[in-house]
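# Commentary on secondary and tertiary structure
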Protein chains: 4
Amino acid sequence: MKRIGVLTSGGDAPGMNAAVRAVTRKAIYDGMEVYGINYGYAGLVAGDIRRLEIADVGDKIQRGGTFLYSARYPEFATLEGQLKGIEQLKKFGIEGLVVIGGDGSYHGALALTKHGFPAVGVPGTIDNDIPGTDFTIGFDTAINTVLESVDRIRDTATSHVRTFIIEVMGRNAGDIALWAGVAGGADDIIIPEHNFDMSKVAKKIQEGRDRGKKHCLIILAEGVMSGEKFSKELDTYGDFHTRVSVLGHVVRGGSPTARDRVLASKFGWTAVELLQQGKGGLCIGIKDNEIVASDIVKTLEGGKHQPDLSLYRLNNEISF
Amino acid sequence: MKRIGVLTSGGDAPGMNAAVRAVTRKAIYDGMEVYGINYGYAGLVAGDIRRLEIADVGDKIQRGGTFLYSARYPEFATLEGQLKGIEQLKKFGIEGLVVIGGDGSYHGALALTKHGFPAVGVPGTIDNDIPGTDFTIGFDTAINTVLESVDRIRDTATSHVRTFIIEVMGRNAGDIALWAGVAGGADDIIIPEHNFDMSKVAKKIQEGRDRGKKHCLIILAEGVMSGEKFSKELDTYGDFHTRVSVLGHVVRGGSPTARDRVLASKFGWTAVELLQQGKGGLCIGIKDNEIVASDIVKTLEGGKHQPDLSLYRLNNEISF
Amino acid sequence: MKRIGVLTSGGDAPGMNAAVRAVTRKAIYDGMEVYGINYGYAGLVAGDIRRLEIADVGDKIQRGGTFLYSARYPEFATLEGQLKGIEQLKKFGIEGLVVIGGDGSYHGALALTKHGFPAVGVPGTIDNDIPGTDFTIGFDTAINTVLESVDRIRDTATSHVRTFIIEVMGRNAGDIALWAGVAGGADDIIIPEHNFDMSKVAKKIQEGRDRGKKHCLIILAEGVMSGEKFSKELDTYGDFHTRVSVLGHVVRGGSPTARDRVLASKFGWTAVELLQQGKGGLCIGIKDNEIVASDIVKTLEGGKHQPDLSLYRLNNEISF
Amino acid sequence: MKRIGVLTSGGDAPGMNAAVRAVTRKAIYDGMEVYGINYGYAGLVAGDIRRLEIADVGDKIQRGGTFLYSARYPEFATLEGQLKGIEQLKKFGIEGLVVIGGDGSYHGALALTKHGFPAVGVPGTIDNDIPGTDFTIGFDTAINTVLESVDRIRDTATSHVRTFIIEVMGRNAGDIALWAGVAGGADDIIIPEHNFDMSKVAKKIQEGRDRGKKHCLIILAEGVMSGEKFSKELDTYGDFHTRVSVLGHVVRGGSPTARDRVLASKFGWTAVELLQQGKGGLCIGIKDNEIVASDIVKTLEGGKHQPDLSLYRLNNEISF
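Residues numbered from 1 in each chain as written. Chains lettered and ligands numbered in written order. Predicted model: local features only at pLDDT ≥ 70, side-chain atom pairs only at ≥ 80, totals over all residues. Heavy atoms only, no water.

How we decide: UniProt positions are given in the numbering used here, feature names are shortened, and annotations may be inferred rather than shown by experiment.
Labelled according to an unreviewed UniProt entry, chain A appears under the name ATP-dependent 6-phosphofructokinase, originating from Vagococcus humatus. As recorded by UniProt, the Subcellular location (unreviewed entry) comment attached to chain A reads in full: "Cytoplasm".

The structure is reproduced here in structure tokens:
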């Protein structure tokens, strides 16, 4: 393989730039040329493609977002879109593609591979909800950003003896809530993957109050319900001086953590190694602290990502 | 004066602990005793009062919130409440009081002074909306916290070519929006103290788009309208891929910045100096970079705080 | 077991407080009493021991350092010291001990177990140099702190077109240098576990210069040689506008990252589980992303910790 | 004036990019063209000059360092260097120059003005040691960066009951030490502008120890003596478990604080206003919270900058 392409797709995640850098540098190190595709699959179809040199990815490892830009592009689910994409790739002489993003990105990579064009997926999303990997690029940064806010809110909660419902990202996945909850010393963590009993939540808060505890923090994944709704339901069990805080887009950007940069670098490096061997239809991941590559079809069919539910029990036994 | 008290009141602000520390240490340095009053005026009336020694304020200068806690207590606006408070102060042998907080705190301090009990107000609130001072304790930290979020949102806005409406605190005051807006490179800043024309906002965004600008950030003080409402109105002028981000309680806590710690230390020190001279009914401030003390009555009657509106013009001429 | 003790020993590491909190809360959750021992083994021998209640570990998860204090105490290597320690433990009715710290702490825990007193070791050190675990408590925070400095230095290096030798902690272990080096985009990483050729280092810098690269960052583990010495040797190969920056004690403290807090919580929880089962002479760790407990003797005899040397090759192929 | 130039000179300081952005945008807003000069006076003489458009300063306000690069260039003190510089300026049709930097930069601006070429100086240096202004661009960021380290060191100092000598930048100026010292709760602050008595330093530490104080932090400006030397002298008065930490280049870079970005924006805007009026030989500053412009000659002759020594007394009376 003499020339590969790289694109980022779906919601931006800190560490995407580090992954693009690793892909670019590793490919150049191995004697290949690299082309960056702007705006994900939309730019692929539109031919918004340019050569990346060593310096183009310099001073990028520490930057949040993605300098290749990203965009939603549902049209790539159609055969027409895919064939246009392959046409563009051929026009630029690109023989293999690295796709960095979430679920949608994987489906695109799979479609390309099925058409005979080797594509490799790299999991990049703050939600950590991609099958085939224990951790995605951006997750570590996101939980630390959430944690900074939780720590700040704790100051206010303590000062005013309040209960805070902190709504965090996670429509289907409780990973952010679980990790930030344990790390933030949350009294309760409410996630889609585990049921909860509002009366028990209220009882726990009351017990803390009775013991003289000043603050109470509840981390709520948005997929369960909104913070406002949760707060109103909780209020029917007593007056806990409840306030709601919604952490939205603010936790998406930012300079990636050390772990996200290292993970992204390993992922990007590995993707190039696989393409060099002519392999496609694979997605990279980290499993049990080891970099792995799995078949995208099997991975997507194998069911959705499961969060580390041991954290749920852990929190119950150490946070009160 | 042999014994003074100190309390924090109203919303917590980073640097309040630094101010309490300065009050405590300065008073002890000068040979006085210091009593900390928990939960603001509520604790004053309830007699929730304890001696503060040197070590009680150790390892506190860097902490957000207020370790003396705070609480709303509208009852202190009544004569009955005020007399109860003075009774408690006398019971503990306290001869002067430092009150750290916002508007409400000043009114309490004024009432006490009118009853013959010397009280000095120290401006502590993130909103910077207290008359008699250019800057309040907590404001510098708050704008830096907002700025961190603005910087993160910029990553996402750029990656997806979006317009973000960032709603920040400020019901009556545009200070946070102005400072964070200029510092964040906001395309527009919308504040209560200045009118705006939505068609011009839209035109500016469109001009940026036409020039190839990827992101657009608009900082909106909550006092003008909600981010949601603003976004909907803006959408009637065109499709700018608008998203809304509301920065609420997360910007209230956190470790104070250097400037807030220094300001709080100077304010606390000065409050003790004034009480020692038997002076009350005063509020501390910083005006033209100098620590000043003004009459609370005149200050409260003198009209509300004005933000630095030169920032508004400045931003128009350098952010586009 | 009805009563356990906990101490921290060796250099402080961010996350130690989170571990003490987890030990305390988990034990109380399981119906046991917990005693905190101040100043590590020194305090154990001196009997500086106190009961820890739920509230004593409240508001501690986010704090750096160790609120149980730490101290060097070589006397605990002697039989006399150990017997005195056991005497104190018995005096307080303590039946099992959790020891959080590095190598020395493990030896103490082992000695106690050999004398029939069950003790469990938890790896807490920023250096990541403890056998029996892939990661220690504090390492993740330390590499992120180093990384912040590396990012800052990059600004200056780029602005002035300079080469910076950044000396980081690691007398025997290159883990901090490797992770911070990969994450910081270092041109070269110099560690005790891998030899290096100064002429090649110089050649790589020159190649970057020739390509127009503005900054050059070299991360050096202190165990190899001092930054000053390295700089002088490098200078014999050419004028690279070299500056040296030594990151010392500043990277030791600070609020722990999400990962360190979660890891510390899991470790602390597990240590109590083991003691409850009457098990001692074990050390906790995380291996291949799973919490494990291994025999301390075998672990200490099993040779020293090995860093992830794949990072070394990775960096060579993506950083230039 | 139709075309102006801008350069940064001397050590880089956070906020320089914000100043260049303000200069560029304000000039374009006013209908002028802007040229950026790389590497300070060196690039001026070499003709390393390029047009700056709106987008060239986009996404720069939040970045540390200077994207125009900086360099030492003593040759500009010679007549020959100055004439060459003016020749280049004329070649590019540049009619006025904004110079952002420290003392040396001012001398260059003065020389140009004397030769009839209007140049305006903007104070940019972390040291805050420029006459004619209360604050320089970069100072606020630097003290907050130092403060983060001080806060971290406090964790370790407390955990191990140690005394830390923290050596900070400031060869001639104690500003960083004073502000970071007061904000960090330093037990003592040692600066060039105030003498000190080592026996009193030792006595104060001992008194803290006797009272049970765990940590002791001493902030030392490098201009007084090295941390190592100070530590050795202190050790002759007793064993205070002293450690030394030197904060060097790490405090120079980093994303600027809100205040530095606002100050830089105001300074840059004002510099363009002055040039438009044909004024040169001036330096911008902030005095008593107001933006001012003063004659460079008088400012440089008027004696060196004085730090706010009231902070010295303040710290003595609140830090113990």
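### Regarding the relation of the copies chain C and chain A
Short version of the rule: Alignment of copies: least-squares fit on C-alpha atoms of residues with pLDDT of at least 70 in both copies. Contact between two residues is taken to exist if any of their heavy atoms lie within 4.5 Å; hydrogens are not considered.
Superposing chain C onto chain A takes a rotation of 180 degrees plus a shift of 0.0 Å along the axis, which leaves an RMSD of 0.0 Å. The symmetry that links the two subunits is that of a two-fold axis. Across chain C, the rotation axis passes nearest the C-alpha of Asp288(C), at a separation of 2.2 Å. Most of the interface of chain C is mirrored in chain A, where 100% of its interface residues are also at the interface.

### Comments concerning unusual backbone geometry
Most peptide bonds take the trans form, and the phi angle of most residues other than glycine is negative. Spelled out, the test is: A run of H or I in DSSP counts as a helix once it spans at least four residues, and a run of E counts as a strand once it spans at least two, with each numbered from the N terminus.
We note that Tyr39(A) has phi near 55 degrees; this positive angle belongs to a residue other than glycine. Here Tyr39(A) is to be found in the loop between strand S2 (33–37) and helix H2 (40–46). The backbone of Tyr69(B) sits at a positive phi, close to 60 degrees, despite the residue not being glycine. Within the secondary structure, Tyr69(B) sits in the loop between strand S3 (49–52) and helix H3 (79–91).

### With respect to the side chain of Arg25(B)
Short version of the rule: Burial here depends on accessible area, computed with a 1.4 Å probe over protein chains only, as a share of the maximum for the residue type. Under 20% is buried, over 50% is exposed, and the range in between is partly exposed. Positive: Lys, Arg. Negative: Asp, Glu. His and the chain ends are not part of the count. We define a salt bridge as a contact between a side-chain nitrogen of Lys or Arg and a carboxyl oxygen of Asp or Glu at a distance within 4 Å.
Tracing the backbone through its elements, the reader meets Arg25(B) in helix H1 (residues 16–29). For the buried Arg25(B), no salt bridge exists, and the shortest N-O distance to an oppositely charged side chain is 7.1 Å, to Asp187(D). Setting aside chain neighbours within four positions, we find Arg25(B) in contact with Ile54(B), Val57(B), Gly58(B), Glu317(D), Ile318(D), Ser319(D) and Phe320(D).

### Some words on the interface of chain B and chain D
This is how the line gets drawn: Summed over both partners, the accessible area (1.4 Å probe) lost when two parts come together is defined as the buried area. Polar contacts, as counted here, are pairs of nitrogen or oxygen atoms within 3.5 Å of one another; within protein the pair requires one atom able to donate a hydrogen and one able to accept it, and residues that are adjacent in sequence qualify only if both atoms are side-chain atoms.
On the chain D side, the residues contacting the 47 residues of chain B number 47 residues. Between chain B and chain D lies a buried interface of about 4,200 Å² when both sides are counted; carbon and sulfur atoms form 58% of it. Summed over the shared surface of chain B and chain D, the number is ten salt bridges. Note that Arg154(D) is salt-bridged to Asp59(B), the shortest N-O span being 3.8 Å. At the boundary of chain B and chain D, one finds 23 residue pairs in polar contact (both at pLDDT 80 or more). Sorting the residues of the side of chain B that touches chain D by element identifies H1, helix H5 (139–160), helix H6 (175–184), helix H9 (258–276) and helix H11 (310–318) of chain B as the ones contributing at least two each.

### Re the sheet that holds strand S9 (residues 242–246) of chain C
All names here are of chain C. Applied cut-off: Think of it this way: DSSP has to see at least two bridges between two strands before they count as a pair. Here, axes are lines fitted to C-alpha atoms. For helices the fit covers the stretch in contact, and angles between N-to-C directions go from 0 to 180 degrees.
Pairing in this open sheet of four strands is parallel, and the strands run S7-S8-S6-S9 from one edge to the other. For this open sheet the edge positions go to strand S7 (188–190) and S9, each flanked by a neighbour on one side alone. Each strand of the sheet is rotated relative to its neighbour by a mean of 20 degrees, with strand direction disregarded. The sheet contact formed by S7 and strand S8 (residues 216–221) spans three bridges and is parallel. The residue bridging Asp 188 from the neighbouring strand is Ile 218, located in S8. Contacting strand S6 (163–168), S8 and S9, helix H5 (residues 139–160) runs over the sheet at an angle of about 165 degrees to S6.

### Description of the sheet that holds strand S4 (residues 96–101) of chain C
All names here are of chain C. In spatial order, the strands read S3-S2-S1-S4-S5-S10-S11; together these seven strands make up an open sheet with mixed pairing. Two strands lie at the open edges of the sheet, namely strand S3 (49–52) and strand S11 (290–295), each paired on one side alone. Adjacent strand axes in the sheet meet at a mean angle of 30 degrees when their direction is disregarded. Pairing analysis gives four bridges linking strand S2 (residues 33–37) to S3, with the strands arranged antiparallel. Considered in S3, the bridge of Val 34 is made with Leu 52.

### Things to note about the UniProt feature "binding site: ATP" (unreviewed entry) in chain A
Summarizing the sequence annotation, UniProt attributes the feature "binding site: ATP" (unreviewed entry) to Gly11(A), Arg72(A), Tyr73(A), Gly102(A), Asp103(A), Gly104(A) and Ser105(A) in the numbering used throughout. In three dimensions, the annotated residues from a span of 95 residues occupy one location, with a maximal C-alpha spread of 13.0 Å. On the basis of relative accessibility, which here comes to 28%, the residue Gly11(A) falls in the partly exposed class. Those residues in contact with Gly11(A), other than ones at most four positions away along the chain, are Met16(A), Gly124(A), Arg252(A) and His160(B). Within the fold, Asp103(A) resides in helix H4 (residues 103–114). Its relative accessible area of 35% is what places Asp103(A) among the partly exposed residues. Sequence-distant contacts of Asp103(A), that is, excluding residues within four places in its chain, are made with Asp129(A), Ile130(A), Pro131(A) and Leu300(A).

### Here's the deal with the interface of chain C and chain A
At the interface, 47 residues of chain C touch 47 residues of chain A. The contact between chain C and chain A buries some 4,300 Å² in all, and 59% of this surface belongs to carbon and sulfur atoms. Linking chain C to chain A there are ten salt bridges. Residue Glu317(C) pairs with Lys26(A) through a salt bridge whose shortest N-O separation is 2.7 Å. Elements that contribute at least two residues to the side of chain C that touches chain A include exactly helix H1 (16–29), H5, helix H6 (175–184), helix H9 (258–276) and helix H11 (310–318) of chain C. The element contributing the most residues to the side of chain C that touches chain A is H9(C), with eight residues.

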